[in-house]
Amino acid sequence: MPTSRLWAVDVHGRVYSLSTADQQWEHCRDAEMLFKRVTAAQQCCWGIASDNKIYLNVHACDLHIRFQEETYENQRWNPVGGFSERLLPSDRWQWSDVTGLQHQPPSSFQLPSSSWEWEGDWYVDQNFEGEPTEKEGWTYSIDFPAVYTKDKKWNSCVRRRRWLRHRRYKATDSWAEIPSQKTSLPDPISDISCGGWEITEEPRGLLCLWAVSLQGKVWFREGIYHHNPEGSLWHDISLPGEVVQISCGPGELVWAVLWEGQLIVREGVSRDNHQGTSWSMLDPPSPDVGVMHVAVGVNVVWALTKDNKVWFRRGVNSHNPRGSGWISMVGEMAMINVGLNDQVWAIGSEDRAVYFRQGVTASELSGKTWRAVAALRDGDRPHSSSSSQQSAGCYFSELHPPSALSDVESDTEKGSADEVGCYSAGIESSDQAVSDREPASVAVPQEKCVDEGGDSSTPCVDAVQTGGPVDSQWSNVDLEVPQTQQAQTGNLSDNADTCSLSSVATYTLAMEDNYGVDGHPLWAWVSGGGCSVDSHSQLNWFHSTMGTSLLAQSVQSLSLSVTAAQMATWRRQIFEQLSERTKREVDEFRHYEQAIEQCVWVKKGTMQWWRDWKPHKWIDVHFALEQFSGPEGNKDGILFVYYNYNEEKKYLHAFLNEVTILVPVLNDAKHTFAIYTPERIKKRWPIRVAAATEEEMHDWLALLSASCCDSRGIQGPPSKQAIWSITCKGDIFVSEPTPSLEAMPYPTPCDQMFWRQIGGHLRIVECNSIGIVWGIGYDHNAWVYAGGYGGGFFHGLPTCNDHVYTQTDVKSVYIYENQRWNPVTGYTNRGLPTDRYMWSDASGLHERTKTNTKPPSPQWAWVSEWAIDYGVSGGTDREGWQYAADFPAWYHGHKTMKDFVRRRRWARKCKLTTTGPWQEVPPIQLSDVTVLPCTPDSDVDVVPLWAISNKGDVLCRLGVTALTPAGTSWLHVGMDQPFQSISIGAASQVWAIARDGSAFFRGSVFPQTPAGECWYHAPSPTKQKLKQVSVGRTSVFAVDENGNLWYRKGLTPSYPQGSSWQYVSNNVRKVTVGPFDQVWIIADKVQGSHSLSRGTVCHRLGIHPLEPKGQLWDYGIGGGWDHITVRGNTMEPPPFSLSALADTSAQASGST
């Protein structure tokens, strides 16, 4: 995780920052003046100095902030002197912008401020639309304005060229004053807040800066982004009153505090309108005590009233920026700030210490407890009054701000003064952190919330019985009772009209002691907008037990989300649904007495769930599996996901007998798997959950897979007719077909197929109906199926370890080194600001360096060092470079005059060691394999098996039978060029695809001549190169390099190579044809897919003798699939009528 910083200002105006990689406050010694407050983002920090001016501190990075200035030189052709600077009166300026409307001579460009410097002088841009120009960068046209070309023609009457000059921001890691412009601020600034970086991704580094003047006006700074960190100009924002403080969140939330203590909320903020459109008024939490400070995040709003009480606004989101109600929180603070990930920082009102709100998660936005920051400042020595933990440099202390529990009273329960006094004393004397939610020995007051337009005394949770024990799992003592009675707030009425600024920094700057009575520094302001911390962060500057405590409390927050009564109600409702659904199955046995009672088994855990609604994000959930057995021993179960939404407890569930597949998802950051049901397959949106560790994910997958198989009555290894598939991660899945799967004219939808995982790791798998299954790994090693079904993460389950062997696989991880040509130094790794990363993946969108690139998962381990890969498509030069005109483009292996960028691929091998029902077939490495798809009436003893080696040789395996599926030896088949794909049909017809994209048919393949006699060339589709072929009983399908699916027409016993190719469909990655000419594919970019990964399983419908290429597609599981084979499915579909099918086809054609 990259380092980030927490910024703070002490009571003397000195600015400090605390890095996530350090344990000590670092003084910003560059500051030549004192500051009042700061507001931070990840890339910079803004501050108000003692002169009431705004200053900016931009963090230094490896890539300098550069801005490109441009102007155009325009000329017109003159019959006497040729092209000249003399233009027509109606022409554009000699020096102008790209439109020609604005006069822009090079001398008119000035540096925006002293923080910038020129990198060089003006120079001519000699590139036009990615290609180099000739004759000093001129582009020509018939007139202004028109389309320009780099070549001069006979009618080129005007020309222009672009001049460029770059300026660089040099004032990094230092405080620089925002320059005064024509629209400078009329009066001094008293408060600022930056945010808005999540509103839109363009332009890069966008920020919204809001400022409040001493006169109560609000200003908005426009034009702040990566290449212009200072912004352009200020805009005056109209207001309903005088503002004293403002807060801007990372998204669309903007709140402000009026002088009278009321709140206003900015509405209409969007990616198209960063300033918003209007303000809406909001009353303070307490009618008698106004608000003095507000802080907003993405989905949270915190506020401080003038009595220093802390309030949390619930129900806040981008669709409802006003929220729904206030909740009083424990603690008294002088100021509060919301940072990244909605984490909360505050400064105590009495001890002036920085506090961190612990336990803030996506499901528990209010957090659990306040914890003090105890890091020392650089150059300071620990005071004698500091604890031993502070002296050791621990970040968090065990101190807490003064609690207001003694002031809390309940109408239903009242604790004695002695009890409350003991409780308060216990807090002061304890050396351990006291959670806001821990049950106390006193009576817990009934929680109350302030709802908008509702009764302020409405209870938020069930009342605790008087004198009864406190249920620590469900009680919440952090939320205080809002004090709305005049008697309780009478002592604060004198401060109702006080300016909120007066309560923020009440210490005089003449103090000599920099510490409070307990030895910690005295702080006046804190900003966490640039500090990337969340409840799951494991940062070295936290207390050693911080990560464990946060995780434990996050788990506890999940249990606090749902009451026991609610869970019981949900269970009862779902069991009633189960009962109604299974009535038809038990009606005949109602007159029997029930001899066996139902047994229920429950497993619970904590996970993260990718929520279904926008904005999609990971939230903490409670995950539970309830499995029960019926009177006859049949098993079934339900999967629950409990979550919170707008302070409401909700859940979603899935019956195990409706789950169709459980599949691990390729994700670099989380251990994720997806749960599919028929309904979610249709929506292309599975239930995605993430476990804390890969081991936990595998435990859940093994348990859920076994439970799903139990609910469907599936046990043991897959059948010989099973359909096999492989995901892009190399995981192997099988599905048991039914006769109705290929029924005509109404087959079973393939989204109802149940898939279960088999141990092992492969890239390709092929099978037939007598149980012969071969696979090929990523390292091109061949494997044969041994008859088991365990291995992998199923190692702990009983009865699945038979015929399981150790399996290894090796794959290469690729990264790309990118360079751009520089006129001075040649090719260099310093690209343009708009270029891709200099070390990236193939797309260039993600940074991939040699140091930060990891194996695909913890199960993989590096087995080599990084090396240049010369086997790249398109060829390379001697150093492995490929050249192109620009990123991205077509790359070639030789340099030309027009090539300004180049790249080369680096490869590193990693190895996976797992287990599965597979045995290796040495020694030749393969790239493709095919097995004869035997029909039920075939009596083949020795099964033909063909393969292509890694070098492109065609091979025929001898001795392959049901008893010896690995065969005995290889027979080399002659060919004139290397091949890449091969397939054998049910009638022993062999088709193959060469590496140049041409198709071939092998003639005279019989048991007496298993290798055939000769190859017959079949021309490819026009202007297309084929890459994969699959042959059934009477049909041949092929896929080209552009993803088009083709059907071979004219196949007859007398002319087996056919006559021509007929187009079927596009968007196809791979095709498989079964022994009855069933057609299944792996498709890309299925409409409605939410892009879990690539590849969706699809079934071709309407295939029959009258329509051999089918009619339409039925979409199944996806995405994330890479390979499928149905060549073992010989289940006979129910009989059908050809005349009925002909009528159906005619109707379909007519409707089309």
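Residues numbered from 1 in each chain as written. Predicted model: local features only at pLDDT ≥ 70, side-chain atom pairs only at ≥ 80, totals over all residues. Heavy atoms only, no water.

Draft legend 1. Region of interest: the overall build of the chain. Regarding its fold elements, the chain presents 9 helices and 73 strands. Within the chain, the proportion of its 1152 residues that are buried is 53%. Accessible surface, the chain as shown: approximately 52000 Å² in total, 50% of it carbon and sulfur. (Helix = DSSP H or I, 4+ residues; strand = E, 2+ residues; numbered from the N terminus. Buried < 20%, exposed > 50% of the residue type's maximum accessible area, 1.4 Å probe, protein only. Areas by Shrake-Rupley, 256 points an atom, 1.4 Å probe, with all protein chains shown as cover.)

Draft legend 2. Looking closely at the UniProt feature "domain: Peroxin/Ferlin" (unreviewed entry) in the chain. The positions UniProt marks with the feature "domain: Peroxin/Ferlin" (unreviewed entry) are residues 64–125, 137–170, 808–869 and 880–913. Overall, residues 137–170 shows 0% helix and 44% strand. The separation of its end C-alpha atoms is 30 Å. Overall, residues 880–913 shows 0% helix and 50% strand. The separation of its end C-alpha atoms is 31 Å. (UniProt positions renumbered as here; feature names shortened; annotations may be inferred.)

Draft legend 3. Molecular detail of the sheet that holds strand 2 (residues 15–19). Read across the open sheet, the 5 strands follow the order 32-3-2-1-35; overall the sheet is mixed. At either margin of the open sheet sits one strand with a lone partner, and together these are strand 32 (376–377) and strand 35 (523–527). By the bridge criterion, 4 bridges tie strand 1 (residues 5–10) to strand 35 in an arrangement that is antiparallel. In the sheet register, V9 faces strand 35, and the bridge partner there is W525. (Pairing = 2+ DSSP bridges.)

Draft legend 4. Broad picture of empty space enclosed by the protein. This model, assessed by the stated rule, comprises 6 cavities of 30 Å³ or more. Each pocket or cavity is described by its volume, and for the largest cavity that value is around 200 Å³. Lining the largest cavity are 27 residues, and of these T39, S193, S247, C248 and N337 lie nearest its centre. Contributions of two or more residues to the lining of the largest cavity are made by strand 4 (35–40), strand 17 (189–195), strand 21 (243–248), strand 25 (291–296), strand 28 (325–338) and strand 35. Taken together, the residues of the lining of the largest cavity break down into 15 nonpolar, 11 polar and 1 charged. (1 Å grid on protein atoms, 1.4 Å probe; cavity = no way out; pocket = protein on both sides within 12 Å on 5 of 7 lines; lining within 4 Å. Points joined across faces, edges and corners; volume = space filled by probe spheres on them. Nonpolar A, V, L, I, M, F, W, Y, C, P; charged D, E, K, R; others polar.)

Draft legend 5. Quick peek at unusual backbone geometry. Along the chain, K614 connects to P615 via a cis peptide bond; the corresponding omega equals -5°. In this model, F887 is joined to P888 through a cis peptide bond whose omega is -25°. By secondary structure assignment, the location of P888 is in the loop between strand 54 (881–884) and strand 55 (901–916). Not every positive phi belongs to a glycine, and D173 is a case in point at roughly 55°. Relative to the assigned elements, D173 resides in the loop between strand 15 (158–169) and strand 16 (175–177). Not every positive phi belongs to a glycine, and H780 is a case in point at roughly 70°. Note that H780 resides in the loop between strand 47 (773–776) and strand 48 (782–785).

Draft legend 6. The arrangement of the environment of K854 in detail. Structurally, K854 is set in the loop between strand 51 (839–840) and strand 52 (860–862). Separated by 41 residues in the primary sequence, K854 and V813 place their C-alpha atoms 8.8 Å from one another.

Draft legend 7. View of the pairing of strand 28. Buried residues dominate strand 28, accounting for 14 of its 14 residues. Relative to strand 28, strand 27 (residues 309–314) runs antiparallel, the two being bridged by 6 bridges. In the sheet register, W311 faces strand 28, and the bridge partner there is S328. As paired elements, strand 28 and strand 29 (residues 344–348) share 5 bridges and run antiparallel to each other. Note that in strand 29 the partner of N337 across the bridge is W345. Once strand 28 ends, the chain turns through 5 residues before running back antiparallel as strand 29, passing N341 with a positive phi of about 60°.

Draft legend 8. Structural context of the nonpolar core. Counting residues in each nonpolar core, the largest one holds 33 residues, and the members touching the most others are W774, L926, W946, F979 and W1015. Broken down by secondary-structure element, the contributors of at least two residues to this core are strand 47, strand 48, strand 57 (926–931), strand 58 (945–949), strand 59 (954–958), strand 60 (969–973), strand 61 (979–984) and strand 62 (990–994). Per element, the largest residue contribution to this core is 4 residues, and it comes from strand 58. Formed by 31 residues, the second largest nonpolar core is a distinct cluster that contains L656, L701, L704 and F794. (Core = buried A, V, L, I, M, F, W, Y, C linked by side-chain atoms within 4.5 Å.)

Draft legend 9. Seen up close, the pairing of strand 46 (residues 764–767). The side-chain alternation of strand 46 yields two buried faces, one formed by I764 and E766 and the other by V765 and C767. Alignment of strand 46 against strand 47, held across 4 bridges, turns out to be antiparallel. Across the sheet, E766 pairs through a bridge with W774, a residue of strand 47. Taken together, strand 46 and the strand that follows it, strand 47, pair antiparallel across an intervening segment of 5 residues, in which G771 is found at a positive phi of about 90°.

Draft legend 10. Layout of a negative patch on the surface. Together, D937, D939, D941 and E1132 make up a negatively charged patch on the protein surface. Among the structural elements, D939 can be located in the loop between strand 57 and strand 58. Of the residues examined, D939 reaches a relative accessible area of 69% and is grouped as exposed. (Patch = residues over 30% accessible without salt bridge, like charges linked within 9 Å, V, L, I, M, F, W, Y side chains within 5 Å. Salt bridge = Lys/Arg side-chain N within 4 Å of Asp/Glu carboxyl O. Lys, Arg positive; Asp, Glu negative; His and termini not counted. Charge placed at Lys NZ, Arg CZ, Asp CG, Glu CD.)

Draft legend 11. The side chain of S735, seen in detail. Relative to the elements of secondary structure, S735 occurs in strand 44 (residues 732–735). Its relative accessible area of 1% is what places S735 among the buried residues. Only 3.0 Å separates the side chain of S735 from the backbone oxygen of F754, close enough to count as a polar contact. In this structure, S735 is in contact with A722, I723, M753, F754 and W755, ignoring residues within four places of it in sequence. (Polar contact = N/O pair within 3.5 Å; in protein donor to acceptor, adjacent residues only side chain to side chain. Contact = heavy atoms within 4.5 Å.)

Draft legend 12. Representation of the sheet that holds strand 56 (residues 918–921). With antiparallel pairing, 4 strands are arranged side by side in an open sheet as 46-47-48-56. For this open sheet the edge positions go to strand 46 and strand 56, each flanked by a neighbour on one side alone. Neighbour to neighbour, the strand axes of the sheet diverge by 30° on average, direction disregarded. Relative to strand 56, strand 48 runs antiparallel, the two sharing 4 bridges. Its bridge partner lying in strand 56, A782 is registered against V921. (Axes fitted to C-alpha atoms, helices over the stretch in contact; angles between N-to-C directions.)

Draft legend 13. Up close: the pattern of salt bridges. For the coordinates displayed, the defined rule picks out 23 salt bridges. The salt bridge involving R162 is made with E70; its shortest N-O contact spans 2.7 Å. On the criterion of sequence distance, the pair formed by R162 in strand 15 and E70 in strand 7 (residues 66–78) is long-range, its members being 92 residues apart. Residue class for R162 comes out partly exposed when judged on its relative accessible area of 24%. Judged by its relative accessible area of 27%, E70 is partly exposed. Ionic pairing is found between D886 and R820, a salt bridge with its closest N-O pair at 2.7 Å. Here D886 is found in the loop between strand 54 and strand 55, whereas its partner R820 is found in strand 49 (residues 805–822), with 66 residues between them in sequence. The exposure class assigned to D886 is partly exposed, which follows from its relative accessible area of 29%. Sharing partners across several salt bridges, the network here consists of E70, D125 and R162.

Draft legend 14. Representation of the packing of aromatic side chains. For the coordinates displayed, the defined rule picks out 40 aromatic pairs. Measuring from centroid to centroid gives 6.1 Å for W7 and W175, while their planes differ by 80°, and the two rings are edge-to-face. Taken together, the positions of W7 in strand 1 and W175 in strand 16 put the pair 168 residues apart, joining distant regions of the chain. This pair shows no difference in class: W7 is buried, exactly as W175 is. Ring geometry for W210 against W279: centres 6.3 Å apart, planes inclined by 75°, an arrangement best described as edge-to-face. Separated by 69 residues along the polypeptide, W210 in strand 18 (residues 207–213) and W279 in strand 24 (residues 278–282) bring together distant segments of the chain. Grouping residues by exposure puts W210 and W279 together as buried. (Phe/Tyr/Trp six-rings, centres within 6.5 Å; stacked < 30°, edge-to-face > 60°.)

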